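# Reading the structure
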Amino acid sequence: LLDYSPMEILTNDQYLACDRDSVDLDALVTGGLGNVHIAWPNGNDGTTTTVPAIDDATYTVRATDECPKEVTADVQVFSGCGLSIPNIITPNNDGFNDAWVIDGLQRTTHTVTVFNRWGQIVFESTNYANNWRAVGLADGTYFYEVLSDREEKPAKGTLTILGNAQR
């Protein structure tokens, strides 16, 4: 007789910086009886698989031994590609917060539009490079819309500009 050691899958979630197209996921199985088969949801077998890294996702890896007993574990991929839009800039040339920097736009097709309180476009850019400094605009509150092929709905909000009067 053999003592059965319960199976356990050891994995690590992946926290990325929106800088890769794909990422390798690893799974180590301890315990079980005999040969252990590891299967990933994308159809790959074995301890490692490669998955897309552009969107947040959860992957369930499954291990089956010869008993047959089965265990699963979830591996999460956090792409780091979600939009993070600041609501204030201070373009006073002090080296801090001088440009409107929107995180999560890299590696997307997108349009950024800024409107004044009367709905007139004061800035618009396709594939925005995080370099707008609101030159020529008065201090105040403006409205923005960011369209990205990674998001289902446009991101909308307000942007306050402070410090232009000091130039």
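The coordinates are above.
Computed from a prediction, not measured in an experiment: that's the story for all the values here. Throughout, residues of each chain are indexed from 1 in the direction in which the sequence is written. Totals for whole chains, interfaces and linings use every residue, but because this is a predicted model, local features are given only for residues with pLDDT of at least 70 and side-chain atom pairs only at 80 or more, for both listing and counting. Processing note: side-chain calculations cover all non-hydrogen atoms of the structure and skip hydrogens and water entirely.

For this analysis, a salt bridge means a side-chain nitrogen from Lys or Arg found within 4 Å of a carboxyl oxygen belonging to Asp or Glu. Within this structure, the stated rule accounts for four salt bridges. Between D19 and R20 there is a salt bridge, with the nearest N and O atoms lying 4.0 Å from each other. Its relative accessible area of 53% is what places D19 among the exposed residues. When the shortest N-O distance is used, the salt bridge between E70 and R62 registers 2.8 Å. Buried means the residue's accessible area, taken with a 1.4 Å probe over protein chains only, is under 20% of the maximum for its type, while exposed means over 50%, and partly exposed covers the values in between. The class of E70 is partly exposed, set by a relative accessible area of 49%. Take R62: its relative accessible area is 36%, and that puts it in the partly exposed class.

Pairing between two strands requires that DSSP report at least two bridges joining them. Strands here are runs of E lasting at least two residues and helices are runs of H or I lasting at least four, both read from the DSSP assignment and numbered beginning at the N terminus. Judged by pairing direction, the sheet is mixed, and its four strands sit side by side in the order β2-β7-β6-β4 without closing on themselves. Edge positions in the sheet fall to β2 (14-15) and β4 (37-39), since each has one partner strand and no second.

By definition, disulfides here are pairs of cysteine sulfur atoms that lie within 2.5 Å. By the definition in use, this model includes one disulfide. There is a disulfide in this structure between C18 and C81, and the S-S distance comes to 2.1 Å. On the sign convention where negative is left-handed, the bridge of C18 and C81, at about 105° about the S-S bond, is right-handed. Residue C18 is located in the loop between β2 and β3 (22-30), and its partner C81 is located in the loop between β7 (70-78) and β8 (88-89); the two are separated by 63 residues in the primary sequence. Under the relative-accessibility criterion, C81 is labelled buried at 1%.

Function cannot be inferred from these measures alone, as they are strictly geometric.
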